[in-house]
Amino acid sequence: MSVLHFHAATTSTPEQFIAGLTDFGPGREKVFPSSADSYLVVHSKAASQADVTEGSGGIWERLQYDWTDPHNVKLTTTDSNVFGGASGYTYTLTPQPDGTTDVDVTIVREGKNLKGRVLSGLIGTVAKGRLGKWFFNSVKAIEARSAADA
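These notes cover the structure that comes with them. Fair warning: this is a prediction, and the values are worked out from it, not measured in the lab.

**What about the sheet that holds strand β2 (residues 41–45)?**
Point 1. Strand order across the open sheet formed by 7 strands is β1-β7-β6-β5-β4-β3-β2, with antiparallel pairing between neighbours. Edge positions in the sheet fall to β1 (2–10) and β2, since each of these pairs with one other strand and no more. The mean angle between the axes of side-by-side strands here comes to 20 degrees, regardless of whether they run parallel or antiparallel.
Point 2. Pairing analysis gives 4 bridges linking β2 to strand β3 (residues 49–56), with the strands arranged antiparallel. Counterpart to S44 in the pairing with β3 is D51.
Point 3. Lying on the sheet, helix α1 (residues 14–21) is in contact with β4 (59–69), β5 (72–80), β6 (88–95) and β7 (101–109); it crosses β6 at an angle near 155 degrees.
Point 4. Lying over the sheet, helix α3 (residues 114–123) contacts β1, β4 and β7, oriented at roughly 45 degrees with respect to β1.

Below, the structure is given as structure tokens:
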């Protein structure tokens, strides 16, 4: 099992960040590279929860999104072809006095089969830099979208 932590500051408010995180429309892959539009299936979406299948490159997972607490957004893996157990994401959004928001994410990857265990090991080592880059790029993409909508 791999557990990764990343941090970024953004000019987006927590509400703007959640809006970007939970925009499951076309073009999602431009904000989240590991969520190809061709894999995206929104099973249900409510005011503060969603059930979504997403992935890319032959890897997919079904995630239960929960943003009932606008400062702690949880994405729990409920099914996947490679990940299981405690897999998922937790975003902690902390508004700062200067108007910025600190975004902390914890990513847990627990393999449920041989492929998943290998991927989990790679994610915790050599692929950590790629995931970090994707996270920072996603934060910047949401920030740009928020600025354009303002």
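**Focus: the packing of aromatic side chains**
Point 1. All told, the structure shown has 5 aromatic pairs when counted by the stated rule.
Point 2. Ring centres of F17 and Y91 lie 5.8 Å apart, and the angle between their planes is 50 degrees; this geometry places the pair in the tilted category. Taken together, the positions of F17 in helix α1 and Y91 in strand β6 put the pair 74 residues apart, joining distant regions of the chain.
Point 3. A residue is classified by how much of its surface remains accessible, and F17, at 2% relative accessible area, is buried.
Point 4. Overall, Y91 belongs to the buried group, its relative accessible area being 8%.
Point 5. Here the aromatic cluster, defined as three or more aromatic residues joined through ring pairs, consists of F6, F135 and F136.
Point 6. The aromatic ring of F83 is capped on one face by R109, whose charged end is 4.3 Å from the ring centroid.

**Things to note about the pattern of salt bridges**
Point 1. Going through the model one piece at a time under the given rule, you end up with 6 salt bridges.
Point 2. With a shortest N-O distance of 3.0 Å, R28 and E54 are connected by a salt bridge. Of this pair, R28 sits in helix α2 (residues 28–31) while E54 sits in strand β3, and the two are 26 residues apart along the sequence.
Point 3. Note that R109 is salt-bridged to E61, the shortest N-O span being 2.5 Å. Separated by 48 residues along the polypeptide, R109 in strand β7 and E61 in strand β4 bring together distant segments of the chain.
Point 4. Residue R109 is classed as buried on the basis of its relative accessible area, which comes to 4%.

The rules behind each value
- Residues numbered from 1 in each chain as written.
- Predicted model: local features only at pLDDT ≥ 70, side-chain atom pairs only at ≥ 80, totals over all residues.
- Heavy atoms only, no water.
- Pairing = 2+ DSSP bridges.
- Helix = DSSP H or I, 4+ residues; strand = E, 2+ residues; numbered from the N terminus.
- Axes fitted to C-alpha atoms, helices over the stretch in contact; angles between N-to-C directions.
- Contact = heavy atoms within 4.5 Å.
- Phe/Tyr/Trp six-rings, centres within 6.5 Å; stacked < 30°, edge-to-face > 60°.
- Buried < 20%, exposed > 50% of the residue type's maximum accessible area, 1.4 Å probe, protein only.
- Lys NZ or Arg CZ within 6 Å of the ring centre and 35° of its normal.
- Salt bridge = Lys/Arg side-chain N within 4 Å of Asp/Glu carboxyl O.

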